[in-house]
Amino acid sequence: MFAVHLVSFFFSKLQEDPTKKVDRFLYAMRLHDDQLKDISAHFQAEMTKGLSSESNAAAAVKMLPTHVRSTPDGTEKGQFLALDLGGSKFKVLQVKVREGMGIRRGGVEMEERTYPMQEELLIGRGTELFDHVSESLKDFLQEKNISLEKKHPLAFTFSFPCEQSSLDQGLLLSWSKNYRVRGLQGKDVVQALREAVDRTGGMDVEVLAMVNDTVATMMTCGFDDPYCEVGLIIGTGTNACYMEALRHVDLVEGDEGRMCVNTEWGGFGDDGALDDFITEFDRDVDAASHNPGKQIFEKMVSGMYLGELVRLVVLKMAKLGLLFDGKVSVALRTKGKITTAHVAAMEEYKNGLKNTKDILTELDMTPSPDDCAAVQHVSTIVSFRSSNLVAAVLAAILTRIRRNRSLRTLRITVGVDGTVYKTHPQYPKRLHKVVRRLLPECHVRFVLSDSGSSKGAALVTAVAQRLASRRKQVDEILSPFRLSQEQLQLVKDRMRMGLETGLKSKGSSTIKMLPSFVYRTPDGTEHGKYLALDLGGTNFRALLVNFKKGSQQNARLYHKIYTIPLEIMQGTGEELFDHIAQCVSDFLDYMGMKNAHLPAGFTFSFPCEQTAIDTGTLVSWTKGFKATDCEGHDVVNMLREAIKRRNEFDLDIAAVVNDTVGTMMSCAYEDPQCEIGLIAGTGTNVCYMEELKNIKKIKQKGEKKREQGTPEEQEVMQDDRTEGEKMEEDAEIQKMCINTEWGGLGDDGSLDDIITPYDIEVNQNSVNPGKQRFEKLTSGMYLGEVVRQVLLDLTRGGLLSRGHVTEALKTPGIFQTKYLSQIESDRLALLQVRSILQQLGLDSTCDDSIIVKEVCGAVSRRAAQLCGAGMAAVVDKMRENRGLAQLNITVGVDGALYKLHPHFSGVLQETARVLAPQCNVTFLPSEEGSGKGAALITAVARQNQGM
């Protein structure tokens, strides 16, 4: 009875729809989206593993760096020879890339010849293989009448896994595709080719690049589509490559730019990652292969194995009686009798069933119509699984690219080659559909490679030549910014000479060396409440500082910031100082101290000539100020008059100080060794404690002033003598802080030998041509504009943005110095650099971004080195003044350039250390800035007067 039911069961199955029967039998091959997403996640993890130097050795997906750093941009040109070795035949080509015929305009011409590869070459010695390649190359040159004497750049497509340490070197990891050549594994195949060319003789060939066929496919398609950054091969074998951010490629030094990574994804699953998706037929294919346990993913999807998978499924179904009434021919039992070409033929839209019947008949089978439908469906499921698996891992690559760039949506093109993709009637459509379903946030275009990998290899070589040529031109343009030690030593010497000259009364000096009448730094005994007023830009700051006696850590500080409107900055002097007095009144109200008669220090960050600590005659406005009737007047008196006009409060303005001096004093409160102040921000300046005996101009200036005055004026000007000349007579007073105003170095032409044409342009377009030349090389107000001038020149020369000069780039001041700090940040990806440039209307490629970052680095590094050379001159002078073999000293520093730029401070310090080796210099950033310093100067001045 049981036998009757069993026969009835099988009979019923034989009568059902043949495709449903196949569906149940091959259930494990029909992958749904959740499974595909799981596979995609597995592959993403494998990519990360392969890119890491720590885990690469154990990774199944090797993620091999190719040293291809750029896709074509359409400016490539030249003539190249190309060799394409990777199958049963190999090709020699001449590729011509015409200048000016780039992206979307064609421009590549090729002549080629295919040479057969004898079976014995595939299993013989490496020298025999490459001698054949080299002799075929020479034959091609002779046949095409190509000069043998002329040097020819050559590109080499080598479609086997290689580990590359450069573009023109590759160590063979393993053979595939029936190649078993002896003596080459682990060897440099490029060197093997060069040696063969030498043995053949009579040719002058330079091998510039070796690439995988996958990379070459990406480059071929990239020549016509600038969005092509992925290469895909689905043919006899399968593989993919893509452009990865270099910072993620541990196996290559550097983190700037991108590099094409050859995933060698055929090895995916070799470590068991695909075990949940492998069928018994996959295991049988693997066991019968020449490399069991290897290239698991490739054996599930590539043309070398699809036909065999179909044969094994059909054979198993026949043995179970589900096909052909259980009959099996010898041919069907024979490995390789169903090929991938057969699979493609069986799935043709109109003739598929007829083709299936013809193929089965050739295998000595007598199929029924249902058998033909079932076998056709087997082919469909096997090839559909292949396209699904390829879609899943391709989705992993595209997801990684999108995440690397922090994009919500990604527009990208995939260049594709391979016989399965080209000849299978349904494969491309299925692949495209699944990729787009898995990645709805990506706009993916698939482009078929029309000229194979040989054109791509030539383009890799052309791109390498373009980058080398551009590299040389960029280096030439930036070379004047790269200062030698000898040049920096000369800057130090000239700064030293300027310091010395400025201290003397005779002769003019570009470095003004203005006495500040601050003759000692804080000693920690300062105490009491002091008001500080700070005017240095578009903001005015009022501060109350309370110093507690004997406790340097307990200085309490309160402040408010007030805006200086443009109409006040450029109005009358009376309006400006009335506005300041109003701000002070508001601050005193805010602090509840309107009736207190407080001593105050006034930080006034514009060039002033002082004859006493509480007088300062404005020499000239800077930073956009143009208030009338101020230049040539004492700014302290102007402020006092404004306070009197307001008649609400009274202040004892005890000191007027430059912001540099205020910075030094602020830091000296924390570190008694601080005797230098440095500003490296919008502007630049230095002050330092000079020996009073060296400041000849104080006494002589007072004498000259009295000689020119009336008797009444001479009597009044005895105050000048008490501040200046009597200081020198006081045995306890030995030093005075000098405000160097070092930004004027070079106004006499002493820096002309290091000034570039870009600096000349910036100077000519400034508000003070010919003035402050050192400041224009080193300060934040000008560095961005220097960079813009360089970028403008590079773009006009076709080295950036394909020569397209935007209106934004023509706009003076658009490239602010803050962008240098952002662009040069070590933590900033090049994609973010591109984003910054796009905000400025500067459309750029990744390669452009690398150059922009390099320009910023050259300009800012020169600025830091020049400041370091100037600092070396100052500290060496102080050391010699004091007769010391070794000087230990601290520099108080303020300014956004020093504090915010990622490399400026380090370069400045290193330069000073090298140029002043006998000085141990500590740099201390100012926490509270020049306002606190002004309060300290006031405190020191009042204590000195016995308060």
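Here's a quick rundown of the structure. (Residues numbered from 1 in each chain as written. Predicted model: local features only at pLDDT ≥ 70, side-chain atom pairs only at ≥ 80, totals over all residues. Heavy atoms only, no water.)

### Digging into the sheet that holds strand 17 (residues 556–563)
For step 1, the next point in the chain: Read across the open sheet, the five strands follow the order 17-16-15-18-21; overall the sheet is mixed. This sheet does not close on itself; its edge strands, each paired only once, are strand 17 and strand 21 (651–657). On average, each strand axis in the sheet is tilted by 20° relative to the strand beside it, whichever way the strands run.
For step 2, the next point in the chain: Pairing geometry for strand 18 (residues 598–604) and strand 21, over six bridges, is parallel. (Pairing = 2+ DSSP bridges. Helix = DSSP H or I, 4+ residues; strand = E, 2+ residues; numbered from the N terminus. Axes fitted to C-alpha atoms, helices over the stretch in contact; angles between N-to-C directions.)

### Let's talk about helix 2 (residues 18–25)
For step 1, the next point in the chain: For helix 2, every residue scored as buried is listed here: P18, K21 and V22. All buried residues of helix 2 fall inside an arc of 95° around its axis, so they share one side. (Buried < 20%, exposed > 50% of the residue type's maximum accessible area, 1.4 Å probe, protein only. Arc of directions from axis to C-beta.)

### Digging into the nonpolar core
For step 1, the next point in the chain: Within the largest apolar cluster, 112 residues are counted, with the highest numbers of intra-cluster contacts made by I676, L794 and F815.
For step 2, the next point in the chain: Per-element tally for this core: the top contributor is helix 31 (residues 846–881), with 17 residues.
For step 3, the next point in the chain: In this structure F815 touches G784, E785, V787, R788, L791, L820, I823, L837, L840 and C856, once residues within four positions along its chain are discounted.
For step 4, the next point in the chain: If you look at the next biggest cluster of nonpolar residues, it comprises 88 residues, including F281, L315, M317 and F324. (Core = buried A, V, L, I, M, F, W, Y, C linked by side-chain atoms within 4.5 Å. Contact = heavy atoms within 4.5 Å.)

### Quick notes on the packing of helix 8 (residues 280–288) against helix 10 (residues 303–319)
For step 1, the next point in the chain: The interhelical angle for the contact between helix 8 and helix 10, taken along N-to-C directions, is 120°, at an axis separation of 10 Å. With respect to helix 10, the element helix 8 is oriented oblique. The way helix 8 lies across helix 10 gives a crossing that is right-handed. Counted together, E280, F281, D282, D284 and V285 of helix 8 and Y305, E308, L309, L312, V313 and K316 of helix 10 form the full contact between these two elements. (Parallel < 35°, antiparallel > 145°, perpendicular 65-115°, else oblique. Left-handed = near helix turned anticlockwise from the far one by under 90°.)

### What about the pattern of salt bridges?
For step 1, the next point in the chain: Per the counting criterion, the structure on display carries 50 salt bridges.
For step 2, the next point in the chain: Put simply, E807 and K810 hold a salt bridge, and the shortest N to O gap is 3.2 Å.
For step 3, the next point in the chain: Among the residues examined, E807 registers a relative accessible area of 57% and is labelled exposed.
For step 4, the next point in the chain: Exposure remark for K810: the relative accessible area of 41% places this residue in the partly exposed category. (Salt bridge = Lys/Arg side-chain N within 4 Å of Asp/Glu carboxyl O.)

### Quick word on empty space enclosed by the protein
For step 1, the next point in the chain: Per the counting criterion, the structure on display carries three cavities of 30 Å³ or more.
For step 2, the next point in the chain: Here the second largest cavity is characterised by a volume of approximately 90 Å³.
For step 3, the next point in the chain: The wall of the second largest cavity is formed by L514, P515, S516, F604, F606, C608, Q610, V656, V657, N658 and N739.
For step 4, the next point in the chain: Broken down by secondary-structure element, the contributors of at least two residues to the lining of the second largest cavity are strand 14 (514–515), strand 19 (608–612) and strand 21. (1 Å grid on protein atoms, 1.4 Å probe; cavity = no way out; pocket = protein on both sides within 12 Å on 5 of 7 lines; lining within 4 Å. Points joined across faces, edges and corners; volume = space filled by probe spheres on them.)

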